[in-house]
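Structural characterization, general
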Amino acid sequence: MHTRNHKRLIAAAAAGALLAGSVALASPALAEPVDSTDVRVTVDIEEVKEPGVLALSVAGNSVALSEDGSTLLVRQFTGTLPTVTVTDTRTADEVPEGSAWAVLGSATNFVGSSGQDPISAGHLGWKPRLIDGGDSGLVSEGEEVVTVLDEPTQPGNNVGLTDQELLISTFDSGAVAGDAYSVNAGLFLRTPADVAAGSYTSTLTLSLFE
C-alpha cells in the first residue's frame, strides 16, 4: 500500500515538472533585418471648384414714391429703383455658345389700402440708368418706358410697366462673363389729378433671363 502511494506521488511530481517546463519556454527573439527601405506616400488635394453662376441681386426690397413735378392735370410721384446687380462668376467656357442675358421688370396694379380704385400699372414708368457696364461696351440699359398718360418717346413704349420691360442686358454672355454689372432706374407714377387720396402698393418684379 505504501509502495503504491509512493509511485503515485512520483508520477504526479513528474507531470508537474513537465507542465512547469512547458510554461517556462521562451519565444525566440526576432532576428535583425538584412536590409530595409522607405516608400514616401504623397497626395495633392485640389480645392473643390464650384461652377460659376449668373445671379441677380437688388440693394433693397422697397421704394417709396413722393410727389414731385405735378401739374394741374397730372399728379406725379417719383423715386429711385434700388441698385440692381447682375453678377456672372462663370468663365467663358462655362457659358453656352450664343447666350445672351437680360433683366426684365413688370409691375402689378397699385392697390389702395382703404378700398380705393386701383391705379393701373400702366401709370408707372421708368428710365434705366447704367451704373457700371464694364469696359467691353456690351452691357447696356433699357430704353425709357413712359406711362399711358404720356406721348410715346418711341412707338409703343407708352404702356407703363405692365409687361416685361428691359432694364439691363447683353447680347453676348460669354464676352462679359466673370464680372458684375449694375443699374438703377428713375421711377415715376403719373395719375390723373382727381386720383383718390390714400396709400397704394404695387409689386415690381425683376427677373433675370438667359
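Just so it is clear, the structure is predicted and the values come from calculations on it, not from any experiment.

Moving on, we get to the overall build of the protein. When helices and strands are tallied, the protein shows one helix and eleven strands. When the elements of the protein are put in sequence order from the N terminus, they spell out α-β-β-β-β-β-β-β-β-β-β-β. Relative to its full complement of 210 residues, the protein shows a buried share of 29%. Here the protein has roughly 14,100 Å² of accessible surface; of this, 54% comes from carbon and sulfur atoms.

Oppositely charged side chains can form a pair if their charged atoms are brought close together. Across all of its chains, the model carries four salt bridges by this definition. In this structure, the salt-bridge partner of R75 is E67, at a minimum N-O distance of 2.8 Å. Put simply, R190 and D150 hold a salt bridge, and the shortest N to O gap is 2.8 Å. Placement of R190 in strand β9 (residues 179-192) and of D150 in the loop between β7 (139-141) and β8 (165-170) is noted, with a sequence separation of 40 residues between them. Here the two residues R190 and D150 agree in accessibility, since each one is buried. Among the charged side chains, a salt-bridge network with shared partners connects D88, R90 and E210.

Here we come to the packing of aromatic side chains. Scanning all chains against the criterion turns up one aromatic pair. Pairing W101 with Y181 gives two aromatic rings, centres 6.1 Å apart and planes at 40°, and the pair type is tilted. Of this pair, W101 sits in strand β4 (residues 101-107) while Y181 is found in strand β9, placing the two residues 80 residues apart along the sequence. For W101, a relative accessible area of 1% gives the class buried. Looking at R190, its charged tip hangs above the ring of F188, at a distance of 4.1 Å from the centre.

With that out of the way, let us pick up the side chain of H123. Counting through the fold element by element, H123 comes out in the loop between β5 (111-112) and β6 (124-132). Judged by relative accessible area, which is 13%, H123 ranks as buried. Among the polar contacts listed, one links the side chain of H123 to the backbone oxygen of R190, at a separation of 2.8 Å. In contact with H123, other than residues within four places in its own chain, are T147, V148, L149, F188, L189, R190, T191 and P192.

A separate point is the pairing of β8. For β8, the tally of buried residues reaches five of six residues, placing the bulk of the element in the interior. Bridge count for β4 against β8 is five bridges, and the pairing is antiparallel. Within the sheet, the bridge partner assigned to G105 lies in β8 and is E165.

Quick look at the confidence of the model for the protein now. Residues at a pLDDT of 70 or more form 86% of the protein, whose mean pLDDT is 89. Between residues 9-25, whose pLDDT stays under 50, and residues either more than four places distant or in other chains, the model counts zero contacts.

What counts, and where the lines are drawn
- Residues numbered from 1 in each chain as written.
- Predicted model: local features only at pLDDT ≥ 70, side-chain atom pairs only at ≥ 80, totals over all residues.
- Heavy atoms only, no water.
- Helix = DSSP H or I, 4+ residues; strand = E, 2+ residues; numbered from the N terminus.
- Buried < 20%, exposed > 50% of the residue type's maximum accessible area, 1.4 Å probe, protein only.
- Areas by Shrake-Rupley, 256 points an atom, 1.4 Å probe, with all protein chains shown as cover.
- Salt bridge = Lys/Arg side-chain N within 4 Å of Asp/Glu carboxyl O.
- Phe/Tyr/Trp six-rings, centres within 6.5 Å; stacked < 30°, edge-to-face > 60°.
- Lys NZ or Arg CZ within 6 Å of the ring centre and 35° of its normal.
- Polar contact = N/O pair within 3.5 Å; in protein donor to acceptor, adjacent residues only side chain to side chain.
- Contact = heavy atoms within 4.5 Å.
- Pairing = 2+ DSSP bridges.
- pLDDT = per-residue confidence, 0-100.

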